[in-house]
Amino acid sequence: FRGYQEALRRMDLLDFDDVMALPVFAMRDESIGARVSAQFELVVVDEFQDCSALQFEMAEQLSSGGKNLYLVGDEDQLIYGWRDASLQKVMDFYDHPDYNVCYLEENYRSNAHIINLAVPVITQNKMRSQKVMKAIKPEGKKVIHIQPYDTDQEAEYIVGKIKRIIKKGTIPSEIAIIYRTNSYSTRIEAELVKRRIDYDVVKAYNFFEYREIKN
């Protein structure tokens, strides 16, 4: 590690961690911190629930000790605990006497059935704010919950369902499969190809169009 740091110093280089760490270490000097924070009228942090302790410290330093800090986030969506995101740190902001908290409780994306399913699950978390999610959209169709054995079984179920509703007259352009990460589509795409169902991948590459897959 020391050798690596010395090599960086010799070449006047910073690595990714240094870009965050070195300014924070420098601003711990009060005179440097005051000079830097004076240049910022407002510091806005989005997805603040996933900030590390170092990122929190930088946000507070740049905003004159937190006086001009605007945080947007949701403790229910914290997913980077493995990268030093701290739920306790988030909750401390809710209780801080110098901060005003505004809850955005109206969900305009999902229909009421989805909200009504999600709320009883997420409220099992012991450490969370007092926000109460409300659906703006009507109930819509009910959610079907399946528990496939693996991704193969899941893909077979999804594509089989699509095949059936197309046969019953559903227009293919009205069907969408939404997934969390691009890599997740591979098995579903393979199943669509197998069953000869045409599809488009929106805002991403079709798995079979990647150069290495073609080759």
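Refer to the structure printed above.
The structure contained in this document is the topic of the report that follows. The model shown is predicted, which means the values in this text are computed figures rather than measured ones.

What follows covers the side chain of E105. Summarising the element assignment, E105 is placed in the loop between helix 5 (87-95) and strand 3 (106-107). A polar contact is formed between the side chain of E105 and the backbone nitrogen of V132, at a distance of 2.6 Å. Once you skip the residues sitting within four places of it in the chain, E105 turns out to touch Q130, K131, V132, M133 and K134.

This part is about the packing of helix 2 (residues 16-27) against helix 4 (residues 53-62). In the contact formed by helix 2 and helix 4, the axes pass within 10 Å of each other and the chain directions differ by 50°. As judged from the angle between their axes, helix 2 and helix 4 are oblique. Both helix 2 and helix 4 take part in a crossing whose hand is left-handed. The segment helix 2 lies against helix 4, with V19, M20, A21, P23, V24, F25 and M27 engaging L54, Q55, E57, M58, Q61 and L62. Along the lines of polarity and charge, the residues of the contact of helix 2 with helix 4 split into 10 nonpolar, two polar and one charged.

Moving on, we get to the nonpolar core. Counting 16 residues, the largest nonpolar core has V45, F48, F56, L69 and F93 as the members making the most contacts within it. Secondary-structure elements contributing two or more residues to this core are helix 2, strand 1 (43-46), helix 4 and helix 5. F93 has contacts with F48, F56, E60, L69, L71, Y99 and V101, leaving out every residue within four places of it along the chain. Grouped together as the second largest cluster of nonpolar side chains are six residues, A155, V159, I162 and I197 included.

Every second residue of strand 1 is oriented toward a common face, the buried set being V43 and V45 and the non-buried set V44 and D46. Taken together, strand 1, helix 4 and strand 2 (residues 69-72) constitute a β-α-β crossover, and its handedness is right-handed.

What the second largest pocket holds in volume is close to 570 Å³. Around the second largest pocket, the lining comprises 22 residues; the ones closest to its centre are I175, A176, I177, D200 and V201. Top contributing element to the lining of the second largest pocket by residue count: helix 8 (residues 185-194), with four residues. Of the residues belonging to the lining of the second largest pocket, the class tally is 13 nonpolar, four polar and five charged.

A few words on the state of the cysteines. Applying the stated rule across the entire model yields zero disulfides. Not engaged in a disulfide, the cysteine C51 finds its nearest cysteine sulfur in C102; these two sulfurs lie 19 Å apart. The buried category is assigned to C51, whose relative accessible area is 10%.

We now examine helix 4. Turning to helix 4, its buried residues number three or more, namely F56, M58, A59, Q61 and L62. Contact partners of the buried residues in helix 4: helix 2, helix 3 (30-37), strand 1, strand 2 and helix 5.

Once that is clear, we can look at the pattern of salt bridges. Scanning all chains against the criterion turns up nine salt bridges. A salt bridge links R195 to E191, with the nearest nitrogen and oxygen atoms 3.1 Å apart. On the basis of relative accessibility, which here comes to 1%, the residue E191 falls in the buried class. Through salt bridges with shared partners, a single network forms among D74, E75, D76, R128 and K131.

Here we take up the environment of S64. Mapped onto the elements, S64 comes out in the loop between helix 4 and strand 2. Under the relative-accessibility criterion, S64 is labelled partly exposed at 26%. Between the alpha carbons of S64 and S37 there is a distance of 5.4 Å; along the sequence they are 27 residues apart.

Turning next to the environment of D198. Locating D198 in the fold gives a position in the loop between helix 8 and helix 9 (211-214). With a relative accessible area of 77%, D198 lands in the exposed category. In the structure, D198 is positioned 13 residues away from S185 in sequence and 14 Å away in space, judged by C-alpha atoms.

Parameters and conventions
Residues numbered from 1 in each chain as written. Predicted model: local features only at pLDDT ≥ 70, side-chain atom pairs only at ≥ 80, totals over all residues. Heavy atoms only, no water. Helix = DSSP H or I, 4+ residues; strand = E, 2+ residues; numbered from the N terminus. Polar contact = N/O pair within 3.5 Å; in protein donor to acceptor, adjacent residues only side chain to side chain. Contact = heavy atoms within 4.5 Å. Axes fitted to C-alpha atoms, helices over the stretch in contact; angles between N-to-C directions. Parallel < 35°, antiparallel > 145°, perpendicular 65-115°, else oblique. Left-handed = near helix turned anticlockwise from the far one by under 90°. Nonpolar A, V, L, I, M, F, W, Y, C, P; charged D, E, K, R; others polar. Core = buried A, V, L, I, M, F, W, Y, C linked by side-chain atoms within 4.5 Å. Buried < 20%, exposed > 50% of the residue type's maximum accessible area, 1.4 Å probe, protein only. Right-handed = clockwise from strand over helix to strand, strands pointing away. 1 Å grid on protein atoms, 1.4 Å probe; cavity = no way out; pocket = protein on both sides within 12 Å on 5 of 7 lines; lining within 4 Å. Points joined across faces, edges and corners; volume = space filled by probe spheres on them. Disulfide = S-S within 2.5 Å. Salt bridge = Lys/Arg side-chain N within 4 Å of Asp/Glu carboxyl O.

In short, the description is geometric, and any link to function would need to be established separately.
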